[in-house]
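Given next are the chains, with one letter for each unit.
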Amino acid sequence: MPLLLVFQIFYSTTFPLRRLKGLVLPLLPMAKRVKVCLAAVTVKKNRAEPRKCYSFATSFSTVMQPSVKIFTGNSNPALAEKIARRYGNGLGKLQIQKFSDGEFQPVYMESIRGDYVFLIQSTNAPADNLMELLLMIDAAKRASAGYITAVIPYFGFARQDRKDKPRVAIASKLVANLLTSAGANRVITMDLHAPQIQGFFDIPVDHLDSSAIFIPYIENLKLENLTFASPDVGSTNRVREVASYFNAEMVICDKHRKRANEIASMVVIGDVTDKDIVLIDDIIDTAGTLTKAANLLREKGARSVRAFCTHPVLSGKAYENIEQSVLEELVVCDTMPLKQESAKIKVISVSELFAVAIRNMHENKSITSLFVHSHRRGL
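Digging into the overall build of the protein chain
Then, in step 1: Helix and strand counts for the protein chain stand at 10 helices and 20 strands.
Then, in step 2: By the burial criterion, 47% of the 379 residues in the protein chain qualify as buried.
Then, in step 3: A total of about 19600 Å² of accessible surface is found on the protein chain, and carbon and sulfur atoms cover 50% of it.

Next up, the structure:
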């Protein structure tokens, strides 16, 4: 039902009637549909004069729930279109105008004043994707958007989360600062390379988990001797979470790198004889670690080896490495588009997960139901 607000204003030199708007507007968010009736105004200029009542007919009705508008840059428009369709909206009208020297400028082609604005953009290479997102956030802020959420399916620069050697940058902290300074009010992302990156932000971060879509796929495989494997020590916690859901065993492939993207040695910790192995990781880049782990697991007696990776960066000789490996299949998410097709690569969409997260955020609902651990613990 509409909320009826009746105001009785006592006029004085310090409280003129022109400030009535300042009283009414802050009360409008109290209800989705508010009907305000100004029934009577009592005027009292000073104590000596009797009260005079002036009644006037003025009322208005308005829908105060801000609308949701979803926009995308150039990093992954196909995923953005799927998310918008799952949510029930079309993508908003945004043009990214380019100058002849390569400079670009996002322009919103519709009003976003007071709206919930969701900007879908992965920040994978090239760095233009990150710059696009920053400019979209800034433009939305200057266009008086009510609430700006950066939806970043793949959070680039996340591997630079600490000083692991002298005189290096902590790029993920820098990116967090840039997003906040640009004007983002919230970030929604998935499978950060290091979960503690959430602590780099001074704004809320909703960190989604791809296991919510990987687990149903693994269940449908009906593998007889299911065992999970971590391709390196850094992925141990992520793999343990999924293994505990299935009440299955896990093994670890411990690697030593010479330099970035080059492995010196690797050993398997655990027994994999006659096991159906599922490797799990957040990022697959050159596929060197993953394919070497798969080959080593087969050498140690594994019956089959599959891999599930959230973000298919797939640079360098990644496709060649995958095709020549013993992997039965590689399952990835569409957080970024594939550069080419491969018979061994299967893509699962994260669009429904992000669409539900956007809806729950807009409606101020919990997103706990989107996590596998909530189902296991009955939350």
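Structure's up, so let's keep going.
Looking at the state of the cysteines
Then, in step 1: In this structure the tally under the stated criterion is zero disulfides.
Then, in step 2: In this structure Cys 309 is a free cysteine whose sulfur lies 9.4 Å from that of Cys 333, the closest cysteine sulfur available.
Then, in step 3: Given a relative accessible area of 0%, Cys 309 falls into the buried group.
Then, in step 4: Judged by relative accessible area, which is 1%, Cys 333 ranks as buried.

Quick notes on the side chain of Lys 69
Then, in step 1: As for its position among the elements, Lys 69 is in strand β7 (residues 68-72).
Then, in step 2: What makes Lys 69 buried here is its relative accessible area of 19%.
Then, in step 3: In terms of polar contacts, Lys 69 uses its side chain to reach the backbone carbonyl oxygen of Ser 111, at 2.4 Å.
Then, in step 4: Engagement of the side chain of Lys 69 in a polar contact is seen with the side chain of Asp 115, the distance being 3.3 Å.

Some words on the packing of helix α2 (residues 77-87) against helix α9 (residues 351-362)
Then, in step 1: α9 packs onto α2 with a crossing angle of 55° between their chain directions and a minimal axis gap of 8 Å. When the axes of α2 and α9 are compared, the pair comes out oblique. Crossing hand, α2 versus α9: right-handed. The residues of α9 that touch α2, namely those facing Leu 79, Lys 82, Ile 83, Arg 86 and Tyr 87, are Ser 351, Glu 352, Phe 354, Ala 355, Ile 358, Arg 359 and His 362.
Then, in step 2: Taken together, the residues that form the contact of α2 with α9 break down as six nonpolar, two polar and four charged.

Points about the pattern of salt bridges
Then, in step 1: Counting across every chain of the model gives 17 salt bridges.
Then, in step 2: A salt bridge links Lys 82 to Asp 334; its shortest N-O distance comes to 3.6 Å. Pair noted here: Lys 82 is in helix α2 and Asp 334 is in the loop between β19 (330-333) and β20 (345-348), with a separation of 252 residues, a long-range link.
Then, in step 3: Lys 82 sits in the partly exposed class, given a relative accessible area of 33%.
Then, in step 4: For the salt bridge of Arg 306 with Glu 328, the shortest nitrogen-to-oxygen distance reads 3.9 Å.

So, the packing of aromatic side chains
Then, in step 1: All told, the structure shown has seven aromatic pairs when counted by the stated rule.
Then, in step 2: Between the aromatic rings of Tyr 217 and Phe 308, the centroid separation amounts to 5.6 Å while the plane-to-plane angle is 70°, which identifies the pairing as edge-to-face. You can see Tyr 217 sitting in helix α5 (residues 211-221) and its partner Phe 308 sitting in strand β18 (residues 304-312), a full 91 residues away along the chain. Per residue, the accessibility class of Tyr 217 equals that of Phe 308, and both read buried.
Then, in step 3: One Lys or Arg, Arg 359, reaches over the ring of Tyr 87 and ends 4.2 Å from the middle of that ring.

Examining the sheet that holds strand β10 (residues 116-120)
Then, in step 1: One open sheet holds the five strands; their spatial order is β7-β10-β11-β12-β13, and the pairing between them is parallel. Two strands lie at the open edges of the sheet, namely β7 and β13 (205-208), each paired on one side alone. Direction aside, neighbouring strands of the sheet carry axes that sit 20° apart on average.
Then, in step 2: Sheet analysis places strand β12 (residues 186-190) next to β13, joined by four bridges and oriented parallel. Residue pairing for β13: Thr 189 is matched across the bridge by His 207.
Then, in step 3: In this fold α2 packs onto β7 and β10, with an angle of close to 165° to the strand it touches most, β7.
Then, in step 4: Contacts from α9 reach β7, β10, β11 (147-152), β12 and β13 within the one sheet, and its direction differs from that of β12 by about 155°.

Here we look at unusual backbone geometry
Then, in step 1: Note that the residue after Ala 125, namely Pro 126, is joined by a cis bond; omega there is 5°.
Then, in step 2: Turning to its location among the elements, Pro 126 is positioned in the loop between β10 and α3 (128-142).
Then, in step 3: One non-glycine residue with positive phi stands out, namely Arg 167, at about 60°.
Then, in step 4: With respect to the secondary-structure elements, Arg 167 resides in the loop between β11 and α4 (171-182).
Then, in step 5: At Asp 191, a position not held by glycine, the phi torsion is positive, near 45°.
Then, in step 6: The topology assignment puts Asp 191 in the loop between β12 and β13.
Then, in step 7: Using a relative accessible area of 6% as the deciding quantity, one classes Asp 191 as buried.

Thresholds, definitions, all that
- Residues numbered from 1 in each chain as written.
- Predicted model: local features only at pLDDT ≥ 70, side-chain atom pairs only at ≥ 80, totals over all residues.
- Heavy atoms only, no water.
- Helix = DSSP H or I, 4+ residues; strand = E, 2+ residues; numbered from the N terminus.
- Buried < 20%, exposed > 50% of the residue type's maximum accessible area, 1.4 Å probe, protein only.
- Areas by Shrake-Rupley, 256 points an atom, 1.4 Å probe, with all protein chains shown as cover.
- Disulfide = S-S within 2.5 Å.
- Polar contact = N/O pair within 3.5 Å; in protein donor to acceptor, adjacent residues only side chain to side chain.
- Axes fitted to C-alpha atoms, helices over the stretch in contact; angles between N-to-C directions.
- Parallel < 35°, antiparallel > 145°, perpendicular 65-115°, else oblique.
- Left-handed = near helix turned anticlockwise from the far one by under 90°.
- Contact = heavy atoms within 4.5 Å.
- Nonpolar A, V, L, I, M, F, W, Y, C, P; charged D, E, K, R; others polar.
- Salt bridge = Lys/Arg side-chain N within 4 Å of Asp/Glu carboxyl O.
- Phe/Tyr/Trp six-rings, centres within 6.5 Å; stacked < 30°, edge-to-face > 60°.
- Lys NZ or Arg CZ within 6 Å of the ring centre and 35° of its normal.
- Pairing = 2+ DSSP bridges.

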